[in-house]
Amino acid sequence: MSIVTIEKHIIDHALTSNDISHILYDINVAAKLIRQQVIRAGLTNLCGVSGHVNESGEVVQRLDILANTIIKDTLSNHQRFSFMGSEEESAVVQTDTYETSDYVILFDPLDGSSNIDVNVSVGTIFSIFKKNPQANTLLDHCLQTGVQQIAAGYVIYGSSVVMVYTAGNGVYGFTYDPGIGEFILSHENIRIPDSPMYYSVNEALFNACDSRNQRFIQTLRESLSLRYVGSLVADFHRNLLKGGIYMYPATRQSPRGKLRLLYEANPLAFICEQAGGLATDGCNRILSIEPTELHQRVPLYLGSAALVNAYTQFN
Ligand code: AHG
Ligand code: MN
Ligand code: MN
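These lines cover the structure that appears in this document, whether it is placed above or below. (Residues numbered from 1 in each chain as written. Chains lettered and ligands numbered in written order. Predicted model: local features only at pLDDT ≥ 70, side-chain atom pairs only at ≥ 80, totals over all residues. Heavy atoms only, no water.)

**Observations regarding the coordination of the manganese ion (ligand 3)**
- Distances from the manganese ion (ligand 3) to its protein donors, Glu87 (OE), Asp108 (OD) and Leu110 (O), fall within 2.2 Å.
- All donors to the manganese ion (ligand 3) come from one chain, and their sequence spacing reads E-x20-D-x1-L. (Donors = N, O, S within 2.8 Å, 3.2 Å for Na, K, Ca; no water.)

**A word on the coordination of the manganese ion (ligand 2)**
- Around the manganese ion (ligand 2), the protein contributes the donor atoms Asp108 (OD), Asp111 (OD) and Glu264 (OE), at 1.8 to 2.1 Å from the metal centre.
- In this model, the manganese ion (ligand 2) sits 3.8 Å from the manganese ion (ligand 3), the two metals being bridged by Asp108. Linking Asp108 in strand 5 (residues 103–111) with Glu264 in helix 7 (residues 261–274), this pair joins segments that are 156 residues apart in sequence.
- The class for Asp108 is buried, based on a relative accessible area of 1%.
- In this structure Glu264 comes out as buried when scored by relative accessible area, which is 1%. (Helix = DSSP H or I, 4+ residues; strand = E, 2+ residues; numbered from the N terminus. Buried < 20%, exposed > 50% of the residue type's maximum accessible area, 1.4 Å probe, protein only.)

**Section: the sheet that holds strand 15 (residues 300–303)**
- A sheet is described by the order of its strands in space; here five strands give the open sequence 12-11-13-15-14, paired in mixed fashion. Of all the strands in the sheet, just strand 12 (225–226) and strand 14 (278–280) have a single pairing partner and so form its edges.
- When strand 14 meets strand 15, the two strands line up antiparallel, connected through three bridges. Within strand 15, the residue paired with Thr280 across the bridge is Tyr301.
- In this fold helix 7 packs onto strand 14 and strand 15, with an angle of close to 30 degrees to the strand it touches most, strand 15. (Pairing = 2+ DSSP bridges. Contact = heavy atoms within 4.5 Å. Axes fitted to C-alpha atoms, helices over the stretch in contact; angles between N-to-C directions.)

**A closer look at the site of ligand 1**
- The environment of ligand 1 is made up of 18 residues, and the closest members are Asp111, Asn202, Tyr228, Tyr246 and Tyr248.
- One of the side-chain nitrogen or oxygen atoms of Tyr246 is found 2.8 Å away from an oxygen atom of ligand 1.
- Measuring from an oxygen atom of ligand 1, one finds a side-chain N or O atom of Glu264 at 3.5 Å.
- The fraction of the free accessible surface of ligand 1 (470 Å²) that becomes covered by protein chains is 84%.
- Given that more than half its atoms are within 2 Å of the pocket grid, ligand 1 belongs to the largest pocket.
- Residue assignment for the shell around ligand 1 shows that the elements contributing at least two residues are strand 5 and strand 13 (244–248).
- With three residues, the top contributor of residues to the shell around ligand 1 is strand 5.
- A class-by-class count of the residues in the shell around ligand 1 yields six nonpolar, five polar and seven charged.
- Looking at which domains feed residues into the shell around ligand 1, each of domain 1 (6–187) and domain 2 (198–312) supplies at least three. (Near = heavy atom within 4 Å. Polar contact = N/O pair within 3.5 Å; in protein donor to acceptor, adjacent residues only side chain to side chain. Areas by Shrake-Rupley, 256 points an atom, 1.4 Å probe, with all protein chains shown as cover. 1 Å grid on protein atoms, 1.4 Å probe; cavity = no way out; pocket = protein on both sides within 12 Å on 5 of 7 lines; lining within 4 Å. Sits in = over half its atoms within 2 Å of the grid points. Nonpolar A, V, L, I, M, F, W, Y, C, P; charged D, E, K, R; others polar. Domains from an automatic or database assignment.)

Structure, rendered in structure tokens:
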């Protein structure tokens, strides 16, 4: 039996620098620490809301705060990054070693956090950039286009825990083996299937979408099954493996969409393209959008190339 740990895979797989390998390794450690909290949340008074509202105006759960702290502490203790943007931080975080480390990390520490209390899959999403040599402010380091990403990935805390990453050289998935405490390669060179099975959208928003989205959803209903759990990581992961499209359109309540460009759309778009899929906001390739705000929202259509193309050509 051949076993490839995530550590070995990261080292072997043509990563441009040792630093990136170290950052990915630290994220795998942070993922194990978050997993430990997620699986025991009901026993440790970690369910429920924290009493705070984040920069996006959303209610912050206790586990959102803990996951954010775990990631920030694990990576900054190892001096792996200079600047960090997080869904749960109002401004850019600068480390004490910002002059000596070369990287910027962007995180959604806990995605789908409304699902924590009800045992539905949640996740962590990450995106890694080099520092921006043209930056004049801390913010400029974080406001880079998605095509500049060096690596990106996510961890899904589901019926099993899986970490998926790309460093621009294919997409790889690793399943956590709790018996030995390691992520082991389980999904080699993931390719999104050409023949899709699912569409994923919050159907309750149908009446709040424009007519183009409504008519597109009607065509999807005719040929595909609907699957939507309300954790982007889980909905994306399923469609990545089975084929399909995830969409979160602009709505009357959220005219710029709900999902965040830097923490959610960019990293998943990078993975999706690396797996042969596409990601758009309806007009523009997600990875080409120039961000202007840290917590910028964007409409998102993500998944099998044929379906994403079908939306962009749909009138
Ligand atoms: P987060 O928990 O990081 O704020 O993200 C929630 C997001 C995403 O995970 C999910 O796809 C979407 O919100 C669900 O929104 P609706 O409840 O509006 O469908
Ligand atoms: Mn999220
Ligand atoms: Mn989140």
